[in-house]
Amino acid sequence: MYRPLDVDTVIDYVRSHPRAKDHLDTTGELEAVEVGDGNLNLVFKVFDRSSNRSLLIKQALPYVRVAGPSWPMPAERAGFEARALDVEHRCAPGLVPEPYWFDEQLMLNAMENLVDHRVIRFPMMEAKRYRDLGVTIGDFLARTLYATSDFALDAAEKRSMMRGFFNVELCRITEDLVFTEPYLRDAPRNRWNPRIDADVADFQADEELKAEAAKLKYRFMTSAEALIHGDLHTGSIMANDHDIRVIDPEFAFFGPMGFDVGAFIGNLFLSGASHEIHSPDPDARRSYRRYLLDEAIATWTTFEAGFRQRLTDVSSPSWSSVGFQEAFIASVLRDTAGFAGAKMLRRIVGFAHVADLDSIEDLDDRARAERIAIRIGRTLVRQHGKVGSFDDVVAIAAAQLEVRDG
Ligand code: SR1
Ligand code: MG
């Protein structure tokens, strides 16, 4: 029967699970710590000190962790994560944690513990650079998005796979928190820095922006292009100096590819905006922002090249038309731009913010960084339909981040 675990009961659970002994000595001394820093779940690291091995247990609570039981959320989301992690592990081995088992009763996933990796959002606030970040995420995107699209699967195979990903509740979170509430004057879950009241009122009165945001929401809800991660921000990536992994695919569903690409790129731009304050030295700030833009470029370039290379091997002759392939990539690019912008705006005005900005204590300083992010996000959303190359996306961000383009 479902029950939430704690640092003691998770040890009993691991000791008694038949598959745990493949990963640590279940008869030895075990130690557990709860390390969940996300919005939704419990996360335990369980260590076996004698053999220096460990595993990770991620358990879904029946509510949104940061909101408490007043915001119920079916724990069945752990099943979506299990299925998505399996697919990602098959398509992009080495770029996600290795899945060990899924427990349907306790709604938990056991997986590889990334021992010395950190969620990259936090080191990036201190201007940490990860070598090949954009190349790695671009490769992850090309592998996972191509392999789960109609380009690689036949229609029956894809439809049968889609049955496992009607992720209604977590899609509803995205629809509400990303695409709807930030644009409403009176949505009760919205919150923002009071110093940007006027900026928020201004963007919430921008009818053109709202029309473009509605187009993006419609794409999100109706374009089942591929199995997407669904929440690919810099809090869903862990890394050390030589290894980068994508974690947390519980929001996975069949949606538009550009939502994943844009989520990551929008978060790089959010980081860039936050360095208005995190990097007070102008040279250091410019240099870190240049790094972020280069990683955004590497993400798109690697994704596009990997996708194009895979397109040489499409499953159906219908997809081999060069004109069609070009139009498809152009549409993913426009989506990428728009979703990047929408994902930026929701982190400033919506319910769930990001530490990059919220860690800036002085509200006037925070407002300076937030205004930069709002300008980038707003322009990306408004102009996404006109974006013709990734240079256009870079130019929009570079103009506000005061980095010379190119
Ligand atoms: C209530 S959950 C809020 C946010 O956390 C997740 O990381 C998703 O981005 C979601 O929108
Ligand atoms: Mg998450």
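The rules behind each value
- Residues numbered from 1 in each chain as written.
- Chains lettered and ligands numbered in written order.
- Predicted model: local features only at pLDDT ≥ 70, side-chain atom pairs only at ≥ 80, totals over all residues.
- Heavy atoms only, no water.
- Near = heavy atom within 4 Å.
- Polar contact = N/O pair within 3.5 Å; in protein donor to acceptor, adjacent residues only side chain to side chain.
- Areas by Shrake-Rupley, 256 points an atom, 1.4 Å probe, with all protein chains shown as cover.
- 1 Å grid on protein atoms, 1.4 Å probe; cavity = no way out; pocket = protein on both sides within 12 Å on 5 of 7 lines; lining within 4 Å.
- Sits in = over half its atoms within 2 Å of the grid points.
- Helix = DSSP H or I, 4+ residues; strand = E, 2+ residues; numbered from the N terminus.
- Nonpolar A, V, L, I, M, F, W, Y, C, P; charged D, E, K, R; others polar.
- Domains from an automatic or database assignment.
- Contact = heavy atoms within 4.5 Å.
- Buried area = accessible area lost by both parts, 1.4 Å probe.
- Core = buried A, V, L, I, M, F, W, Y, C linked by side-chain atoms within 4.5 Å.
- Buried < 20%, exposed > 50% of the residue type's maximum accessible area, 1.4 Å probe, protein only.
- Pairing = 2+ DSSP bridges.
- Axes fitted to C-alpha atoms, helices over the stretch in contact; angles between N-to-C directions.
- Points joined across faces, edges and corners; volume = space filled by probe spheres on them.

**Details of the site of ligand 1**
- Lining the immediate environment of ligand 1, one finds Asn39, Val64, Trp71, Ile173, Leu177, Asp231, His233, Phe251, Arg346, Arg347, Phe351 and Ala352.
- Between Asn39 and ligand 1, the recorded distance is 2.6 Å, taken from a side-chain N or O atom to an oxygen atom.
- At a separation of 2.6 Å, an oxygen atom of ligand 1 approaches a polar side-chain atom of Arg346.
- Protein burial of ligand 1: of its 310 Å² of free accessible surface, 95% is covered by the chains.
- The cavity that encloses ligand 1 is the largest pocket.
- Every element with two or more residues in the shell around ligand 1 is listed here: helix 6 (168-180) and helix 11 (322-349).
- For the shell around ligand 1, the class distribution of residues is seven nonpolar, two polar and three charged.
- Counting contributing residues, the shell around ligand 1 receives three or more from each of domain 1 (9-111) and domain 2 (118-401).

**Comments concerning the domain arrangement of the protein chain**
- What the domain assignment reports for the protein chain is domain 1 (9-111) and domain 2 (118-401).
- Using C-alpha coordinates to define each centre, domain 1 is positioned 26 Å away from domain 2.
- Listed per partner, the contact involves 25 residues of domain 1 and 33 residues of domain 2.
- Taking both partners together, domain 1 and domain 2 bury about 2,300 Å²; carbon and sulfur atoms supply 70% of that area.
- Sorting the residues of domain 1 by area buried against domain 2 places Trp71, Phe80 and Leu95 first, and these three jointly supply 28% of that buried surface.

**Some details on the nonpolar core**
- Core analysis: the largest hydrophobic core is formed by 90 residues, its most contacted members being Leu133, Ile137, Leu232, Phe269, Phe303, Ile376 and Leu380.
- With twelve residues, the top contributor of residues to this core is helix 11.
- Taken domain by domain, this core gets at least three of its residues from each of domain 1 (9-111) and domain 2 (118-401).
- Not counting chain neighbours up to four residues away, the residues in contact with Phe303 comprise Gly138, Leu141, Ala142, Leu145, Val261 and Val332.
- Residues Ala32, Phe44, Ile57 and Leu108 belong to the second largest nonpolar core, which totals 20 residues.

**Brief notes about the sheet that holds strand 1 (residues 30-34)**
- Across the sheet, which stays open at both edges, the five strands sit in the order 1-2-3-7-6 with antiparallel pairing between neighbours. Of all strands in the sheet, those with a lone pairing partner are strand 1 and strand 6 (99-103), marking the two edges. Ignoring strand direction, the axes of neighbouring strands in this sheet form an average angle of 20°.
- Where strand 2 (residues 41-48) and strand 3 (residues 53-60) come together, eight bridges link them in antiparallel fashion. Looking at strand 3, one finds that Val46 is bridged to Leu55.

**A closer look at the sheet that holds strand 10 (residues 237-239)**
- Strand order in the open sheet made by the three strands is 8-10-11, with antiparallel pairing throughout. On the outer flanks of this sheet lie strand 8 (118-119) and strand 11 (244-246), each paired with one strand and no other.
- Helix 4 (residues 133-147) rests against strand 10 and strand 11 of the sheet, and its axis sits at about 35° to strand 11.

**Focus: empty space enclosed by the protein**
- Applying the stated criterion across every chain yields a total of two cavities of 30 Å³ or more.
- In this structure, the largest cavity occupies an estimated 60 Å³ of space.
- If you trace the largest cavity, you find it lined by Ala84, Val87, Glu88, Phe140, Thr144, Thr148, Leu227, Ile228, His229, Ala252 and Asp260.
- Looking at the lining of the largest cavity, the elements that each hand over two or more residues are helix 2 (77-91), helix 4 and strand 9 (226-228).
- With three residues, the top contributor of residues to the lining of the largest cavity is helix 2.
- In terms of residue class, the lining of the largest cavity is made up of six nonpolar, three polar and two charged.
- When its volume is computed, the second largest cavity comes out at roughly 30 Å³.

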